[in-house]
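# Survey of secondary and tertiary structure
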Protein chains: 2
Amino acid sequence: MLIIKHFKPSSLKRRMAYDYQLNIKSLLDSAVSRNPNTEVVYKDERYTLSQFRERVARLAQGLHDVGVRQGDVVAVIDWDTMRYMELYFAVPMMGATLHTVNVRYPPEVVLYTMKHADDSYVIVRDEFLPLIEKFKDAFSFVKGWIVYSDDGKARTSLEAHQYSDLLSGPKYDFPELPEETRATMFYTSGTTGMPKGVWFTHRQLVLHAQSVALAGRSDPLALTQRDVYMILVPMFHVHAWGMPYVAVTVGSKYVLPGKYEVPRILELIKREGVTYSAMVPTILYMILNHPGVKEYAQYLKGMRITIGGMALPRGLAAKAKEMGITTVGGYGLSETCPVLTIGVYNAELKDADEETKFRCSISAGTPVPLVELRVVDENMNDVPHDGKTVGEVVVRAPWLTKEYYKDPERTERLWRGGWLHTGDLATMDQYGYVTIVDRESDSIKSGGEFIPTLLLESAISECPGVGEVAVVGVPDQKWGQRPVAFVVKSGEVNERVIRDHLARLVEQGRIQKWWMPDRFVFVDSMPKTSTHKVDKKELRKMIQ
Amino acid sequence: MLIIKHFKPSSLKRRMAYDYQLNIKSLLDSAVSRNPNTEVVYKDERYTLSQFRERVARLAQGLHDVGVRQGDVVAVIDWDTMRYMELYFAVPMMGATLHTVNVRYPPEVVLYTMKHADDSYVIVRDEFLPLIEKFKDAFSFVKGWIVYSDDGKARTSLEAHQYSDLLSGPKYDFPELPEETRATMFYTSGTTGMPKGVWFTHRQLVLHAQSVALAGRSDPLALTQRDVYMILVPMFHVHAWGMPYVAVTVGSKYVLPGKYEVPRILELIKREGVTYSAMVPTILYMILNHPGVKEYAQYLKGMRITIGGMALPRGLAAKAKEMGITTVGGYGLSETCPVLTIGVYNAELKDADEETKFRCSISAGTPVPLVELRVVDENMNDVPHDGKTVGEVVVRAPWLTKEYYKDPERTERLWRGGWLHTGDLATMDQYGYVTIVDRESDSIKSGGEFIPTLLLESAISECPGVGEVAVVGVPDQKWGQRPVAFVVKSGEVNERVIRDHLARLVEQGRIQKWWMPDRFVFVDSMPKTSTHKVDKKELRKMIQ
């Protein structure tokens, strides 16, 4: 461009100063300068942010000493621990890529993703070692193993370095990385075939953290640096929705939960004074229905929770509200870093009544800053913003995956027409709030019309005695498809009660009569995917 | 980098979608999608954000029709009006550069800056037309004039287009601009010579808006989308500290004050329910000391105000506090877009007492997200964070000017060693709060030691009866320099009373005995610079 004709950078160093790069190092260093004593906590380990920064620098030197270089892919196999938190910063800040391995995949899929991602160094928690050792020969592509145990040294038959030894050296001198450097990658399951790899740059993670932090400060989340985060989205899953980077940006204390076990989660909420979390509905359901939950009522009261991964059922939100917990919906995909929308109040709701505010806050919400989101028909025309007309969500934003790794064909489909196609069906209302009504792949078309399964599930969830609920479509000669509802009871309930409940909602105009499920199937528990979402593929198999 | 070897963009359109550009268009469009009905107000004009977006598109088409093209520099000569607000968006979004002309400069300096900036189109408010018409021949470099009046058409002897005619056409189809495109430029006065030009890119303005919005949401500012902004920093001065872009990002209503006249400002605060402002101390001083201010007490109560441009004197902050107004310090330069620090509470102050919180909030504050700020000695070593040791503030951040326009020599000096040198002397305390104690050029060195004039002024400001105060150094045979204090009275006060007040602060250890000014000069008003700051050069002349 003509514009910079007078600007002649005299050196690289100077260029990097002018063209300040958005990278994880600048995010962390600026955070340390604002809030040096904010804590990061895991079990009995407790570091201030400046101590944490120092550990990250020592760890990076240790990783360098065992061979990790810029451009290498470093895989982690772990629960949500301090080790993981350290690696979230050390690996990208070195210019390497952090591959967060989904430990819930079957072994052959774990192996596939690690090979596909070109992992060269792997960090493994002791409890996952037996699995790795068993398939040792298949991992010949790995150049170095690093193992650890919460108790100190980990025992293994692998030729491996001990994580704790990596921290004993001097502090690494981190390079000034271009912001387009790849920082993280992970795999996401589709409805068919092997998982697809997505990756994100330093710039994307920084911009995502800033916009999510900005949105999170709005009512009713109203997050501040006084809040205490304990995120219950696995760190192997879409980098815990980016929350480790958000918390550091905001200056909040960050508590790492380890492996998710409800009694320990409740105990941590009490011990650390947790005020904020994020999770899929299933985890909230597990917490609220835990037999010991009453003892912790005073610590849960006042908590604010972002719910994503699946739509937030109204019944669950109402139950949380009774306990003084504010839940707020959110929406995004693995492909989108993930956050696109959050159910915080926008300026449109300034004078809205409580019911409208509640409805909006438990929807998917409005786009966070810098997200352009449209709900469109097949011809890419925006559908009316009437809260009724269904279309596909397409987006543009600074933090969308550029591609499916080594998969140009599916990349082309994802990005057709210059917009990322989410494959999610939604409505948008007059206030700008998005409600996801279905995954395209889970949708039910009955008599030529879509039944929005997520709205129907939300309606069923409000019936007393109903715990979890999932609706799937089954083939039908007359209508094409018809809905079947799976229900886990949380109290006294039967088919008649639910049908009466839905009939009342039909009268109120909240749902359509022809959405009424043909069958109700009561089950003890729902089949789940590796990320704790209800597995609708499994449910469909159960009734075929 | 190796990293993107698998990524082959198939078209420019697709590249722009992947590599989402941070530009004013994406800032505005994403804001409209979140808060379409947020208002922008000037006099009787009142637009929703989506109406405003439409006007911006029509205006851009009008500007295109009169000849404005990408890369052109478009100058504006106006007070803070709706026209200015429209141009803040339309001009950069077209790919042209908005030159915000400092109307307070003497005519020959205005002419110098416009010529130096390569202005090709100029938009002028009617009341500035006589000046332009008088020097018409000197403006031969201007390709097109656009004039307007609040009442409609403006009369002029220039061959000019009417602004209102520009809005009658269709909506402009804005290009997808690279984020490094220059968006704004303006001039800043130094201690010697002609003003220096600085400029900012789209990317810089977006990142600045996001980080400032993020910091502004912390206590005690606690800004939300429910707030009503009326910024009293002229739009020709460092683009009103970036606040028009911040307000749009946050979703707040934005009130344009026109020309600054205290009675009208108070009336607007009442009429529009203003809750937030930003200004230099002088303006706050003028508002609080206005004879009619008591009538507006109920509307001022609860307001939050960011004070920058000069240090916030403790006496002024205390007076505001008595009226229920929260003032918060901030710090930045024309060269830094401007915001570097804000006096919001960080996590360190969680358990601090009220006095510590007050002291921190009226300091310059802590760096906003993504700013790296150091206070260093001559060898670029950080000074101890003890709240006492004085050093120079140097910074790195994503929104610092790349250069002084057409001035490589001063650019080299500004950016020496890869850090932007502010020329401001400061301390940093244990909580990470910065206190600016002097401009290097205003500093007083007495007996080989610096007297921090801004701290001394703040101490004097606390004395009852003292209104504005400024301390300057005068040559002294014995000590090198000695301080002289200029005081504007706001009540009954004399030299003896101030000396007794300062003696008490010496006993309390707040100031040093040898800082005591040698002379006190009582004046009716302070000489001011074009941006309402006290003009210390003029004061020094008065006692030479």
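Residues numbered from 1 in each chain as written. Chains lettered and ligands numbered in written order. Predicted model: local features only at pLDDT ≥ 70, side-chain atom pairs only at ≥ 80, totals over all residues. Heavy atoms only, no water.

Chain A is annotated in an unreviewed UniProt entry as Long-chain-fatty-acid--CoA ligase of Sulfodiicoccus acidiphilus.

### Topic: unusual backbone geometry
Glycine aside, residues mostly have negative phi, and peptide bonds are mostly found in the trans state. Residues and elements named next belong to chain A. Defined as follows: Elements are defined by DSSP. Helices are runs of H or I of four residues or more, strands are runs of E of two residues or more, and each kind is numbered from the N terminus. Relative accessibility decides the category of a residue: with a 1.4 Å probe and only protein chains considered, values under 20% of the type maximum give buried, values over 50% give exposed, and everything between is partly exposed.
Looking along the chain, the bond that leaves D219 and enters P220 is cis, with omega of -5 degrees. By the secondary structure assignment, P220 is in the loop between α8 (202-216) and β10 (228-229). A cis amide bond links C337 with the next residue in sequence, P338, at an omega value of 10 degrees. Locating P338 in the fold gives a position in the loop between β14 (326-332) and β15 (339-342). One non-glycine residue, A222, lies in the positive phi region at around 50 degrees. Take A222: it is sitting in the loop between α8 and β10. According to the relative accessible area criterion, A222 is partly exposed, its value standing at 28%.

### So, the domain arrangement of chain A
Operational definition: An automatic or database domain assignment supplies the start and end points of every domain.
The domains assigned to chain A are domain 1 (47-198) and domain 2 (444-542). Spacing between the C-alpha centres of domain 1 of chain A and domain 2 of chain A amounts to 41 Å.

### Let's talk about the UniProt feature "domain: AMP-binding enzyme C-terminal" (unreviewed entry) in chain A
Quick note on the threshold: UniProt positions are given in the numbering used here, feature names are shortened, and annotations may be inferred rather than shown by experiment.
Residues annotated in UniProt with the feature "domain: AMP-binding enzyme C-terminal" (unreviewed entry) correspond here to residues 456-533 of chain A. Secondary structure content for residues 456-533 of chain A is 24% helix and 32% strand, while the C-alpha to C-alpha distance between its ends is 17 Å.

### Comments concerning the sheet that holds strand β5 (residues 119-125) of chain B
Residue and element names in this part refer to chain B. Selection criterion: A pair of strands is considered paired only if DSSP assigns at least 2 bridges between the two. An axis is simply a line fitted to the C-alpha atoms; with a helix, the fit covers only the stretch in contact. Between two such axes, the angle follows the N-to-C directions and lies from 0 to 180 degrees. For this analysis, residues touch if any pair of their heavy atoms sits within 4.5 Å.
Spatial ordering of the open sheet is given by β7-β6-β5-β3-β4-β8-β9, a layout of 7 strands whose pairing is mixed. At either end of the open sheet lies a strand with only one pairing partner, and these are β7 (160-162) and β9 (196-201). Ignoring strand direction, the axes of neighbouring strands in this sheet form an average angle of 25 degrees. As paired elements, strand β6 (residues 144-148) and β7 share 3 bridges and run parallel to each other. Within β7, the residue paired with V147 across the bridge is Q162. On the sheet, helix α4 (residues 82-94) packs against β3 (73-77), β4 (97-100), β5, β6 and β8 (182-188) and is oriented at approximately 145 degrees with respect to β4.

### Things to note about the pattern of salt bridges
Any two side chains of opposite charge can pair, on the condition that their charged atoms come close. Heads up, the condition is: By convention in these notes, a salt bridge is any Lys or Arg side-chain nitrogen within 4 Å of a carboxyl oxygen on Asp or Glu.
Inspection of the entire model under this criterion finds 82 salt bridges over all chains. Taking the shortest distance from any N to any O, the salt bridge between R203(A) and E179(B) comes out at 2.6 Å. Taken as a pair, R203(A) in helix α8 and E179(B) in the loop between α7 (163-166) and β8 lie in two separate chains rather than in one. One exposure class covers both R203(A) and E179(B), and it is buried.

### Comments concerning the relation of the copies chain A and chain B
Worth spelling out the cut-off: Least squares is the method for superposing the copies, and the C-alpha atoms it fits come from residues with pLDDT of at least 70 in both.
In the superposition of chain A on chain B (RMSD 0.0 Å, axial shift 0.0 Å), the rotation amounts to 180 degrees. Interpreted geometrically, this transformation is the action of a two-fold axis. The C-alpha atom lying nearest the rotation axis in chain A is that of L214(A); the distance is 2.7 Å. Of the interface residues in chain A, 100% have counterparts in chain B that sit at the interface too, so the contact is made through matching surfaces.

### Some details on the sheet that holds strand β19 (residues 420-428) of chain A
Residue and element names in this part refer to chain A. Strand order in the open sheet formed by 4 strands is β17-β18-β19-β20, with antiparallel pairing between adjacent strands. Each edge of the open sheet is held by one strand with a lone partner, namely β17 (372-376) and β20 (434-439). The sheet shows a mean angle of 45 degrees between the axes of neighbouring strands, taken without regard to direction. Bridging between strand β18 (residues 391-396) and β19 involves 4 bridges; their strand directions are antiparallel. Each bridged residue has a counterpart across the sheet, and for E392 the counterpart in β19 is L425.

### Overview of the side chain of D78(A)
Residue and element names in this part refer to chain A. Test applied: Polar contacts, as used here, are pairs of N or O atoms within 3.5 Å; protein pairs need one atom able to donate a hydrogen and one able to accept it. Residues neighboring in sequence count only if both atoms are side-chain atoms.
Mapped onto the elements, D78 comes out in the loop between β3 (73-77) and α4 (82-94). Taking relative accessible area as the criterion, D78 reaches 1% and is therefore assigned buried. Side-chain polar atoms of D78 contact the side chain of T81, separated by 2.6 Å. A distance of 3.5 Å separates polar atoms of two side chains, one belonging to D78 and the other to R125. Other than its neighbours up to four places away in sequence, D78 contacts R83, Y84, V103, R125, F128, Y148 and F236.

### Describing the packing of aromatic side chains
All names here are of chain A. Counted only if it meets this: Note on aromatic pairs: the rings of Phe, Tyr and Trp (six-membered ring only in Trp) are paired at centre separations within 6.5 Å, and the planes decide the class, stacked below 30 degrees, edge-to-face beyond 60, tilted for the rest. Should the NZ of a Lys or the CZ of an Arg lie within 6 Å of a ring centre and within 35 degrees of the ring normal, that charge is described as sitting over the ring.
Under the criterion given, the structure shown has 24 aromatic pairs over all chains. Between Y148 and Y163, the ring centres sit 5.6 Å apart and the planes meet at 50 degrees, which makes this aromatic pair tilted. Residue Y148 is located in strand β6 (residues 144-148), and its partner Y163 is located in helix α7 (residues 163-166); the two are separated by 15 residues in the primary sequence. Look at Y148 and you get buried, because its relative accessible area is 3%. The class of Y163 is buried, set by a relative accessible area of 2%. By way of ring pairs, the aromatic residues F52, Y84, Y88, F89 and Y245 are connected into one cluster. Over the face of the ring belonging to W199 we find R182, whose NZ or CZ atom lies 5.9 Å from the ring centre.

### As for helix α14 (residues 314-322) of chain A
Residue and element names in this part refer to chain A. Every buried residue belonging to α14 is among R314, G315, L316, A317 and A320, and all of these are buried. Buried residues along α14 sit in contact with α12 (281-288), β14, α15 (354-361) and α17 (453-461). Looking at the residues trailing α14, positive phi occurs at G324, about 80 degrees.

### Notes on the nonpolar core
What counts here: In these notes, a set of buried Ala, Val, Leu, Ile, Met, Phe, Trp, Tyr and Cys residues joined through side-chain atoms within 4.5 Å is what counts as a nonpolar core.
In this structure, L63(A), F89(A), L63(B) and F89(B) are the most contacted members of the largest nonpolar core, which totals 343 residues. Those residues in contact with F89(A) that lie beyond four places of it in its chain are I24(A), L27(A), L28(A), F52(A), V56(A), P244(A), Y245(A) and V248(A).

### A closer look at the environment of N379(A)
Relative to the elements of secondary structure, N379(A) occurs in the loop between β17 and β18. For the pair N379(A) and F358(A), spaced 21 residues apart in sequence, the C-alpha separation works out to 33 Å.

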